[in-house]
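Chain by chain, the residues:
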Amino acid sequence: MNGDNHLIGQFSKDLKSLQNKVLEKKINTELNQYIQKSIYYLEQPWLKTKGDVRLNIYELIGMQKEVRELRDDYVYLDTRKLKLTRYDRDQLRQLIYTYESIDDSLETILDDPNMTRSELKTSLWNLRVEHASSLDILTTLYDEYQRTSQH
């Protein structure tokens with residue numbers, strides 16, 4: 001899988017930035033715990049590696065299991081009576097939707113034994129883009145929640 005080095009470089013930089021913010025604050029809320037879990041998930045080497053990467057079926061299955069757990073965590077969080085602004089709640093729901101989309105993409109890759117190498121490369125690239133999108137939403141959610149919970 002040959003990726004756009006700029007996207008991968010930006011993803012790595014944004015992930016490190018969010019990690020630093022979360023670690024620096026050390027705020028122990030449920031939301032922060034889930035965000036830390038999401039950061040850990042996003043630290044997968046294939047998401048930060050420029051150039052070709054190989055993923056085996058077991059890695060894809062494991063990824064799907066993790067992404068389903070994350071989605072379930074945020075669905076649970078959405079049902080709780082957290083003090084979230086409407087915008088924060090929208091971001092939370094957008095994150096849930098993005099995890100569902102990642103799950104669907106993984107399902108498509110895993111369920112299509114006749115996928116050509118070209119289709120697989122495209123699907124894996126799209127999966128990288130979806131993960132980058134989840135990081136953007138996570139960052140926005142974290143930043144906004146920190147900003148509004150301090151006022």
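Here goes a summary of the coordinates provided. (Residues numbered from 1 in each chain as written. Predicted model: local features only at pLDDT ≥ 70, side-chain atom pairs only at ≥ 80, totals over all residues. Heavy atoms only, no water.)

## Let's talk about the pattern of salt bridges
As a reminder of what qualifies: Should a side-chain nitrogen of Lys or Arg be within 4 Å of a carboxyl oxygen of Asp or Glu, the pair is scored as a salt bridge. Strands are runs of DSSP state E lasting at least 2 residues, helices are runs of H or I lasting at least 4, and numbering of each runs from the N terminus. Relative accessible area decides the class of each residue, using a 1.4 Å probe on protein chains only: under 20% of the type maximum gives buried, over 50% gives exposed, and in between gives partly exposed.
Inspection of the entire model under this criterion finds 11 salt bridges. Across the pair Arg71 and Asp103 runs a salt bridge whose closest N-O atoms are separated by 3.2 Å. With Arg71 in helix α4 (residues 57-79) and Asp103 in helix α5 (residues 86-111), this residue pair connects regions lying 32 residues apart in the sequence. The pair Arg71 / Asp103 is uniform in exposure class, with both members buried. One connected set of salt bridges, linked through shared partners, spans Arg68, Arg71, Asp72, Asp103 and Glu107.

## Here's the deal with the layout of surface pockets
As a reminder of what qualifies: Cavity means a closed set of points on a 1 Å grid over the protein atoms alone, one where a 1.4 Å probe fits but cannot get out, pocket means an open set with protein on both sides within 12 Å along at least 5 of 7 lines, and lining means a residue has an atom within 4 Å of a point. Grid points are joined across faces, edges and corners, and a volume is the space filled by probe spheres set on the points. Only Asp, Glu, Lys and Arg are considered charged, only Ala, Val, Leu, Ile, Met, Phe, Trp, Tyr, Cys and Pro nonpolar, and every remaining residue, Gly among them, polar.
Each pocket or cavity is described by its volume, and for the largest pocket that value is around 390 Å³. In this structure, the largest pocket is lined by 15 residues; those nearest its centre are Val53, Arg54, Leu55, Leu120 and Leu124. Counting residues per element, the ones that place at least two in the lining of the largest pocket are α4, α5 and α6 (117-149). In terms of residues, the lining of the largest pocket owes the most to one element, α6, which gives four residues. Across the lining of the largest pocket, the residue classes tally to nine nonpolar, one polar and five charged.

## Focus: the packing of aromatic side chains
Which entries qualify depends on this criterion: Stacked, edge-to-face and tilted are the three classes for Phe, Tyr and Trp ring pairs, Trp counted by its six-membered ring, which pair at centre distances within 6.5 Å; planes under 30 degrees apart are stacked, over 60 edge-to-face, the rest tilted.
Enumeration over the complete set of coordinates arrives at two aromatic pairs. A ring pair is formed by Tyr74 and Tyr99, whose centres lie 5.9 Å apart and whose planes are at 25 degrees; its orientation type is stacked. Note that Tyr74 is positioned in helix α4 and Tyr99 in helix α5, a separation of 25 residues in sequence. Side by side, Tyr74 and Tyr99 carry an identical accessibility label, which is buried. Grouping aromatic residues by their ring pairs yields a cluster made of Tyr34, Tyr74 and Tyr99.

## Regarding helix α2 (residues 30-42)
Along an α-helix, a turn takes 3.6 residues, which lines up residues three or four apart on a common side. Our working definition: Expected span, for any helix, means 1.5 Å times one less than how many residues it has. Contacts between residues were defined by any pair of non-hydrogen atoms, one from each residue, lying within 4.5 Å.
End to end, α2 covers 18 Å across 13 residues, agreeing with the expected 18 Å (1.5 Å per residue, within 8%). By the burial criterion, the buried members of α2 are Leu31, Asn32, Tyr34, Ile35, Ser38, Ile39, Tyr41 and Leu42. Looking at the buried residues of α2, the elements they touch are α1 (5-25), α3 (45-48), α4, α5 and α6.

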